[in-house]
Amino acid sequence: MAAELEAEVPAFDRSLLECSAEELAAKWLQTNDLQKEVYQHLAYYVPKIYCRGPNPAPQREDLLAQQVLLGPMEWYLCGEDPAFGFPKLEQANKPSHLCGRVFKVGEPTYSCRDCAVDPTCVLCMECFLGSIHKEHRYRMTTSGGGGFCDCGDTEAWKEGPYCKKHEINTSETEEEEDPLVHLSEDMVARAYNIFAITFKYAVDILTWEKENELPGLEMTEKSDTYYCMLFNDEVHTYEQVIYTLQKAVNCTQKEAIGFATTVDRDGRRSVRYGDFQYCEQAKSVIVRNTSRQTKPLKVQVMHSSIVAHQSFGLKLLTWLGSIIGYSDGLRRILCQVGLQEGPDGENSSLVDKLMLSDSKLWKGARNVYHQLFMSSLLMDLKYKKLFAIRFARNYRQLQRDYMEDDHERAVSVAALSVQLFTVPTLARMLITEENLMTTIIKTFMDHLRHRDIQGRFQFERYTALQAFKFRRVQSLILDLKYVLISKPTEWSDDLRHKFLEGFDAFLELLKCMQGMDPITRQVGQHIEMEPEWEAAFTLQMKLTLVISMMQDWCALDEKVLIEAYKKCLAVLMQCHSGFTDGEQPIVLNMCGHSVETIRYCVSQEKVSIHLPVSRLLAGLHVLLSKTEVAYKFPELLPLSELSPPMLIEHPLRCLVLCAQVHAGMWRRNGFSLVNQIYYYHNVKCRREMFDKDIVMLQTGVSMMDPNHFLMIMLSRFELYQIFSTPDYGKRFSTENTNKDIVQQNNTLIEEMLYLIIMIVGERFSPGIGQVNATDEIKREIIHQLSIRPMAHSELVKALPEDENRETGMESVIEEVACFKKPGLTGRGLYELKPECTRNFNLYFYHFSRAEQSKAEEAQRKLRKQNREDTALPPPALPPFCPLFASLVNILQSDVMLCIMGTILQWAVEHNGYAWSESMLQRVLHLLGMALQEEKQHLENLSEENVVTFTFTQKISKPGDAPNNSPSILAMLETLQNAPHLEVHKDMIRWILKTFNAIKKLRESSSTSPVAETEGNIMEESSRDKDKAERKRKAEIARLRREKIMAQMSEMQRHFINENKELFQQTLEELDTSASGVHDNSPVTSDAKLTALGPEQTRVAEHRQVVMCILCQEEQEVKVDSRAMVLAAFIQRSTVLSKNRSKTIPDPEKYDPLFMHPDLSCGTHTGSCGHIMHAHCWQRYFDAVQAKEQRRQQRLRVHTSYDVENGEFLCPLCECLSNTVIPLLPPPRVLFNRLDFSGQPNLAHWIKTVCQQIKALYLLRDEDCNSGSSEKMDELQLPEGFRPDFQPKNPYSESIKEMLTTFGTATYKVGLKVHPNEEDPRVPIMCWGSCAYTIQTIERILADEDKPLFGHLPCRQDDCLTSLTRFAAAHWTVSSLSAVQGHFCTLLASLVPNEKNGNLPCILDIDMFHLLVNLVLSFPAIHCQDFSGVSLGTGDLHLFHLVTMAHIIQILLTSSTEENGMDQENTSSEEEVAVLTLYKFLCQCTGSALKEISSGWHLWKNLKAGIMPFLRCSALFFHYLNGVPAPSEMEVSGTNQFEHLCSYLSLPNNLTCLFQENSDIMNTLIESWCSNNEVKRYLEGKRHAISYARESNKLIDLPDDYSCLINQASNFSCPKSGGDKSRAPTLCLVCGTMLCSQSYCCQTELEGEDVGACTAHTYTCGSGVGIFLRVRECQVLFLAGKTKGCFYPPPYLDDYGETDQGLRRGNPLHLCKERFKKIQKLWQQHSITEEIGHAQEANQTLVGIDWQHL
Ligand SMILES: [Zn+2]
Ligand SMILES: [Zn+2]
Ligand SMILES: [Zn+2]
Ligand SMILES: [Zn+2]
Ligand SMILES: [Zn+2]
Ligand SMILES: [Zn+2]
Ligand SMILES: [Zn+2]
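Residues numbered from 1 in each chain as written. Chains lettered and ligands numbered in written order. Predicted model: local features only at pLDDT ≥ 70, side-chain atom pairs only at ≥ 80, totals over all residues. Heavy atoms only, no water.

- Per an unreviewed UniProt entry, the chain goes by E3 ubiquitin-protein ligase and derives from Nothoprocta perdicaria.
- Here is the UniProt Sequence similarities (unreviewed entry) comment for the chain, exactly as written: "Belongs to the E3 ubiquitin-protein ligase UBR1-like family."
- Its UniProt record gives the chain a comment under Function (unreviewed entry), which states: "Ubiquitin ligase protein which is a component of the N-end rule pathway. Recognizes and binds to proteins bearing specific N-terminal residues that are destabilizing according to the N-end rule, leading to their ubiquitination and subsequent degradation." (UniProt positions renumbered as here; feature names shortened; annotations may be inferred.)

### Some details on the sheet that holds strand E4 (residues 268-274)
Part 1 of the argument: On the basis of which strands lie adjacent, the open sheet formed by three strands has the order E4-E3-E5 and antiparallel pairing. Lying at the two open borders of the sheet, with one neighbouring strand each, are E4 and strand E5 (299-303). In this sheet, neighbouring strand axes are inclined to one another by 30 degrees on average, regardless of whether the strands run parallel or antiparallel.
Part 2 of the argument: Where strand E3 (residues 226-231) meets E5, five bridges bridge the pair, whose relative direction is antiparallel. Within E5, the residue paired with leucine 230 across the bridge is valine 299.
Part 3 of the argument: Lying on the sheet, helix H11 (residues 253-266) is in contact with E3 and E4; it crosses E4 at an angle near 130 degrees.
Part 4 of the argument: Packed on one face of the sheet, helix H13 (residues 304-323) meets E3, E4 and E5 and runs near 95 degrees to E5. (Pairing = 2+ DSSP bridges. Helix = DSSP H or I, 4+ residues; strand = E, 2+ residues; numbered from the N terminus. Axes fitted to C-alpha atoms, helices over the stretch in contact; angles between N-to-C directions. Contact = heavy atoms within 4.5 Å.)

### Section: the sheet that holds strand E17 (residues 1624-1627)
Part 1 of the argument: Read from one edge to the other, the open sheet built from five strands follows the order E18-E17-E21-E22-E23, with strand pairing classed as antiparallel. Every interior strand has two partners, whereas the edge strands, strand E18 (1633-1635) and strand E23 (1683-1687), have only one. Each adjacent strand pair in this sheet contributes to an overall mean axis angle of 30 degrees, direction not counted.
Part 2 of the argument: In this sheet, strand E22 (residues 1674-1679) lies alongside strand E21 (residues 1664-1669) in antiparallel orientation, the contact comprising six bridges. From the neighbouring strand, arginine 1669 faces E22, where its bridge partner is glutamine 1674.
Part 3 of the argument: Here helix H66 (residues 1727-1737) sits on the sheet and contacts E21, E22 and E23; the angle it forms with E23, its principal contact strand, is near 80 degrees.

### A look at the nonpolar core
Part 1 of the argument: Formed by 297 residues in total, the largest nonpolar core has its most connected members in Phe195 and Leu927.
Part 2 of the argument: Aside from chain neighbours lying at most four places away, what touches leucine 927 is Met900, Leu904, Phe951, Ile955, Ile968, Leu972 and Ile991.
Part 3 of the argument: The next biggest cluster of nonpolar side chains, apart from the first, holds 166 residues, and it includes Cys1176, Met1325, Ala1514 and Phe1516. (Core = buried A, V, L, I, M, F, W, Y, C linked by side-chain atoms within 4.5 Å. Buried < 20%, exposed > 50% of the residue type's maximum accessible area, 1.4 Å probe, protein only.)

### Some thoughts on the coordination of the zinc ion (ligand 2)
Part 1 of the argument: Each protein donor to the zinc ion (ligand 2) is listed here as Cys127 (SG), Cys151 (SG), Cys163 (SG) and His166 (ND1); together their distances run 1.9 to 2.3 Å.
Part 2 of the argument: Considering all four donor atoms around the zinc ion (ligand 2), the spread of angles at the metal, 98 to 114 degrees, places the coordination shape in the tetrahedral class.
Part 3 of the argument: In this structure, the zinc ion (ligand 2) is positioned 4.2 Å from the zinc ion (ligand 1), and both are ligated by cysteine 127. In this pair, cysteine 127 sits in helix H7 (residues 125-129) while histidine 166 sits in helix H8 (residues 164-170), placing the two residues 39 residues apart along the sequence. (Donors = N, O, S within 2.8 Å, 3.2 Å for Na, K, Ca; no water. Tetrahedral: all angles 85-135°; square planar, octahedral: opposite > 155°, others 65-115°.)

### Comments concerning the environment of alanine 630
Part 1 of the argument: Checked against the element boundaries, alanine 630 lands in helix H27 (residues 629-632).
Part 2 of the argument: Residues in contact with alanine 630, not counting those within four places in the same chain, are Leu624, Ser625, Leu637 and Leu883.

### Overview of the coordination of the zinc ion (ligand 1)
Part 1 of the argument: Donor atoms from the polypeptide that bind the zinc ion (ligand 1) are Cys99 (SG), Cys124 (SG), Cys127 (SG) and Cys149 (SG), placed at 2.2 to 2.3 Å.
Part 2 of the argument: Donor residues binding the zinc ion (ligand 1) come from one chain and are separated in sequence as C-x24-C-x2-C-x21-C.
Part 3 of the argument: Residue classification places cysteine 127 among the buried positions, given a relative accessible area of 2%.

Okay, here's the thing in structure tokens:
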């Protein structure tokens, strides 16, 4: 080993390596004072190894430290060579059955929702996969780091605590045995010695606070070097630190980023090294620069020796952690050493010392020692308990330190509470022995000192520091939650005692909240400042679950419940004595009842929403009923002390406050009050706020005369006057003085009726009604789903946070709902089962107002659909528990009847506005409830009981003497026919029907026939009504249609974008009209169709008439008319690339004439297919540009499109576009002048063209050196060739302009250069885009197994037609000689001449691009040829030539593996021919070609290889010449090859081409094969693309998402040396994992810093990228530097939902269809378009700095 070290370590260090570990250990074994020896050794060597320069050198340090420092310790510990010693230890070890794996940041963790004792119990991936929970309902999260695997902890799991791996060990160590028995006594002693010394050394040096001396270590070296050490804090931002460092230590930005990154990660980093002065200077600059707004950055100048020893101290702790991994015995010894009390008594153990200096240590040091604690103390069951006790005893101090600490909780030792408190036995032990509950609560109270005079919390004038503390102190509530999570199964007296002590402390806490933040109604003017309310609600929200858990604990033990109830009541009485309002007694009288109460008006006096003590008592009261304690031990309860009016007083005020706010009486109190009311009812708080207030009213009323309660309630609602004074109602309704007041009172009456409905109707909590927990949760779900079908996550969100949210809901959901699977988009939904709608209660108390009206609408609609009446009567309710049974009497109480009668009377009189339909609706609901109640009473009547509920009798009686009002029943009958109450008729009818039914029940006599007919008549009339309703609706619909039509014709004179919305509706119509013109007229099917050549099928010319989407005018597409254009989007593309690493080095010099067959970068053109006049588009685009300029000046907002780069949105469909393509008639017809019958064959034709080329070259040379007349003599012009002829451009000016526009755009985007319409490369780029776009579309069709023709969407068909025709016409606007030059060079690649040397060999040319370029540039030569040869002949010969070259290319690169297996015996003609050709090739290549004797294989390969080329060619010539495709090619079939050949004028036996033209082809093949590159390839010296090229796909993704999480957690940032990446992001195109959204991996791109993803898109996707952000489970689309959007991931949970952000943690699985959809977006080049649509829909996306991702 030493030898290998020597090479790496510089000479100076070599002397250090001479120190022998073995000898040293031997010396140590002899000595009497081991500590002195070891310290001396360390004092000498540590500074020599660590901190030798400005930058740490971790590899060197680690090497030397192992050799010089740790080596001797290991020798000493083992007493022999540790290479033998450690394995021995490991063998002898009986490892514990705990897994204890400490989680890395981002590592996946699993919890079982069925078996975990609490949600903090988690498993590592390995354990999870080997556990039974894999089959259960589990939850998956990514760890934030810290924490460890609970596998093997029997207390953490209800079932299956061990995975397969950890189970093996458990059978052997059933009994808890001392692990020390496995170690020799000597070993124990040595371990003890060395652990004690090293652990103490590390603790001393790490907690050392002096800057210039050392603990017990003399400085041996006098060289005084210092470090300027910068520490981490959470106040300063990255940018601030980087900026400051650049200034202070004069470093580059890059270095500064490096420093800042390390400081953030490790907690400190030296930023300067040198003498004291030098370091001190940097320190003062940093402090000065950062102290302005906040407290300065922490900087310390430290002696290098101290830093060296601290570095080694950390190393030692890590070392100890790894040493104890060898043996549980060693671990126990280390625990013992750590917890041993030192000489200073209490808190002097090493563990205590570390814990108590936690907040002073830097992040890196904390992480190291926390890890050590986890792998030692927490893994040893005996010491875990002792450690828990130390932790509990230090709890107050640790929390105090944490409050001052400037680090997050995750790096504080305080966070270890979760590891200790969630263990049920430990928690129980700490409660009983260390009084932990009380400690936590009191510590909490310690930190909230700010109180008002009554001793209540006051958050009003909180300073920033107090607010900060308040945030921190909330973690204590979390600790309390941990302690309470697991409920005791057995109670000892000790536990009872300590729990009740804790309960006392808790009541003290609640007492400080009772009545906090009181408010007074603001009259006159609006409040000036919104009062602080959030702190109080935060507290309430955090405590909600704890309050519920306290009640759960109480419910478990009768003695505890009784005591707690007493204590709570006592505290409530104390609180009430503190309230001093409204002592004045008043007496209320109504309906012969009278009650005494106090004078108090919510609208005038102070009122508070916070009543936790009352609410806790309400909760406990319900428990008395639920546990039956109230019936079993009434004598032990202080029931006589209860004063019902006192109990209900404050909850009632709170509810009245809500009603008044709703009635608009508190408008001047601002938003803070509205927010408070919102949260009071919200699912996060309501359980311990609103719900419990209702319970408290139910409690109070159940002990009162209902008449008394109702009168008090009327008085608190400030409505007493209205109902108690007989004629008040009339006066009230005629008084026109103040409409607002009347309106207000109406709302208050409605609210009050609603409250009565709730008090009587809400009996779904166990203990109030005779129900169980399942009934309660079912009811919640039913009502949520009554609003609309919901996704799983929506339902979860609507339920309170408790066990129901977890598994309770799922256990009942199947009973009440059906699951509907999601489609390609959207999510799975639960739909309410039809039979459950009868449980629907319109006045369900957890509905918000909006929800209530939505639910009402939905339910009425449903009933209409089912042809039922639309009444929504109250559902039948479960009976009350005995304690609450008397509540039903409210319904039949005199005051209630009076209230109902009064309101019905108003409805009957129907005068004025002092009355509302909602009021009536509520009264009807109450009547319905009462009838349901009576019916149920009668039905469940047992012999001995007398029915006391006689509601039907009471409502049949008319009113008493003074006002002689009619009976309620009579009024209902009147109302039934009232015309103004149409909507309520069904309900009234239901009431009357139920009334009759009850009457029948009572009389138990035969059915009355009268009632029957009555019912029939009513149904009849309702049917008529329905008919009328339908007619009316039809009429409305007709009117609406007419209106739209009128608007539309009006609009046609305007630009569409001004009326976009209505136009969207007509989109489809226009779409069909635009594409209809391309439908070719039916072709006679028996005619053979040929796409090109002299035999080309002639097609009749169509008149093509299109409509402009902007001005709605129609126009014919003609050569000489105004141009019509298609909106188009051009982008660079690598979708077909076979070589993603290739980049264009210098776009200015790049020559795109030949496309390489790796297709590494192409130019794609797409279009939405919407047509405009060129001038209409120009005007539109100018308007967009002008608007954008104004907008940017005004607001500096960004848009989804970049106007400066020519981008705009299609005015019709908002599709992102950056140019337009002109529409043209088939261009070939224009140039095809001559057509004589005798056309030359290929050889002849080539000869002629070569002559023409030669002539052109000579002419050009002559132009250059004018006067050289000799050459002119040489020039023999071929027959009919007139090189001086300049063709006339046939197109209109407008079309020419558009040809240039689109050409320039293609050039600009394709090459990423500045536009230059003169550049000779412009036409090449146009042809290239045409070829590339056809190739992409061919691939898509092939991948989807679709036939070549007839299946493209209109927009693509239109786009390809225009693009091809455009590319064919473009040469007319370019320089003729340039295009001629291109043609010459292109042809020379196949037919060599002397002029063009150095062209790519045929292996390096994409033949389809070559074909398109040749065919489209040929007219430039042909136009000067008057010999009579047709253009078609040229096309055909060019096509044949390129096809043959491609065949040779395929044969040369074919990687056929011969296997005789499936060879047929008889060789076909094709096989023989191809074999002959191949043999000829072998000859030409000098036998370098692999020998193949199977013609069958060659032919098969050739056919497969050439197919894509033929398909692309067919598309190309189809669009170029407009010959319709044979109908056989519009269906998938087997003999597509034959049809293709025939359409393309090719022989079925392709090799015939060679035979037919053997005279010229043999020479050509020989010349191709003699190329140097071809030779090199055949010699195996280079690579070449082979055919057919496979389609590119996105990478394969695993089915289980956690595989990805795991992969990402193992991924570390490639730039910062093994650090975990914060945002690992996977490129879905190539599979590279990137470190996104982070400074470390930013790179410079075109002068700007960009994140790893953006940088990657430039190489991998030429600017476009598709990524998966693994931690967020989110797909990211990027395009360029400014465009991006998030897209739903292709992973779904079992409920058919995605989990963006991984918040819910349900297991996720790959949805193949959705992934295919993403892949298709990519293949179709629609990513940019998708981003555009997303950004248009969501403006916030536009503001994101996408380039930083
Ligand atoms: Zn594990
Ligand atoms: Zn395990
Ligand atoms: Zn399980
Ligand atoms: Zn127009
Ligand atoms: Zn469009
Ligand atoms: Zn990639
Ligand atoms: Zn990075």
